[in-house]
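Commentary on secondary and tertiary structure
Residue-level listing of the chains:
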Amino acid sequence: MKELDCRGLSCPEPVVMTKKALMESAELDVLVDNRASLENVKRYASAMKKAVDAVQEGSSWRISIR
Amino acid sequence: MEEGDVRLTDLVRSSGCNAKLPPGDLDSVLRSLPSFPDPAILAGYETADDAFVYDLGDGRAMLQTVDFFPPMVDDPQLFGEIAAANAISDIYAMGGEPSVALSIVCFPSCLPLSVLHDIMLGAIGKAREAGCTIAGGHTISDREPKFGLAVTGFADSGHVWQNRGAREGDAVVLTKKLGTGITMTALKGREADAGSVEEAVESMRTLNRKACSQARRCRIHAATDVTGFSLVGHASEMATASGVTIELSFGSLPLLEGARYAELGFIPEGRYTNEDFLGSKADLSALSQLERDIVLSPETSGGLLLSLPEEDAHLVDGWVIGHVSGYSGKAVAVR
């Protein structure tokens, strides 16, 4: 599974990077470490009609986009 | 580096009023500090008003406010105009006339000085349009550019508008469209189209001067402006200070084209801290996620939010977005 590490980044960068990565790969795991990035990446993926799920891993989240 | 190579928004982490410290953090610090009441200060920070009000004792009051932030647009002159319009707005939000201002500048040493020149040129022009003179300022070297003004204005001490005073039955009027923070977040992500950016920039660089002078012809019961704490946040401050509930109708809200970018996740970080701070004070349960994102997102240089008798509302160019009712357990409800 392709993994995109957006930890340490603030919005809108994680959304921009997710958009680029989804152009190359239909399925993706995105790692984020703040709530705004979590929510905004989820919104972007949902708007692209993807199935989105997020699980907390310590102080960050893994967002799976399928 | 040439000025044309500079993308101001790439130099900063957050921009415009999105850069405000989370409201809950500020609140906890302010509450932990000693206060020394001064009888001449008619309104200070404890009422969350836009400027403090100092009674000059001759029927006039002096209003003072300060506001500065990192750039949300790449054009330095436009940034200066927006920063000035935003800072001066706090004087208009209290019914005053801006008179003099000091500029506050943080500027990276690696940038061409022509950028600083253009920021200040924009601010001077906008202040002049407001009848306000920038008479001095202070500049420090910093990694991220920031600009703003400390503004002094004057008003009749009997006619200063505050957050408190909204009355049951009042109409609630907003004088600018919502969505500047969302549009500027989309711009930072290079997603926003030129038309949406232009509309938002035009809104941000517009002074609240005309709205203020129109509102002076009305019986204003309470007033503020909509900036970093979002429409719901600022309405909540007004409702709490007035002991009422402000009921807003989402369908009546004027929206910028760029507000649609919220759907793609271009939402300022402040939207989430605003929600945390408001907690149970706002009832947004009737709204969709997109609608909540819009009403909770920070605005930069937003419009005046006025509470006034319904029959006066037509005297102001703006939108009636709701009304004031008796306190029903929530400061704000949006349906």
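Above: the structure in question.
Rules behind the numbers
- Residues numbered from 1 in each chain as written.
- Chains lettered and ligands numbered in written order.
- Predicted model: local features only at pLDDT ≥ 70, side-chain atom pairs only at ≥ 80, totals over all residues.
- Contact = placed C-beta atoms within 7 Å.
- Helix = DSSP H or I, 4+ residues; strand = E, 2+ residues; numbered from the N terminus.
- Pairing = 2+ DSSP bridges.
- Axes fitted to C-alpha atoms, helices over the stretch in contact; angles between N-to-C directions.

1. A look at the interface of chain A and chain B
- Each side of the interface is counted separately: chain A has 13 residues, and chain B has 12 residues.
- Among the elements that make up the side of chain A that touches chain B, the one with the highest residue count is helix α2 (residues 35-47) of chain A (8 residues).

2. Some details on the environment of Arg-292 of chain B
Residue and element names in this part refer to chain B.
- Within the element layout of this structure, Arg-292 appears in helix α9 (residues 289-296).
- Sequence spacing of Arg-292 and Leu-116 is 176 residues, and the spatial spacing of their C-alpha atoms is 37 Å.
- Those residues in contact with Arg-292, other than ones at most four positions away along the chain, are Leu-284 and Leu-287.

3. What about the pairing of strand β6 (residues 146-156) of chain B?
Residue and element names in this part refer to chain B.
- Of the strand pairs in this sheet, strand β3 (residues 60-69) and β6 are connected by 10 bridges, and their pairing is antiparallel. Residue Phe-69 lies in a different strand from β6, and its bridge partner there is Phe-147.
- For strand β4 (residues 97-107) and β6, the ladder comprises 9 bridges, and the chain directions are antiparallel. When the sheet's bridge partners are listed, Ala-101 is paired in β6 with Val-151.

4. A few points about the sheet that holds strand β3 (residues 52-57) of chain A
All names here are of chain A.
- Spatially, β1-β2-β4-β3 is the arrangement adopted by the 4 strands of the open sheet, whose pairing is mixed. Bordering the open sheet on either side are β1 (3-5) and β3, each of which pairs with just one other strand. Recorded for the sheet is a direction-independent mean angle of 20° between the axes of neighbouring strands.
- Across 5 bridges, the pairing between strand β2 (residues 28-32) and strand β4 (residues 60-65) is antiparallel. In the strand pairing of β4, Leu-28 is matched with Ile-65.

Read these as geometric descriptors, not functional statements.
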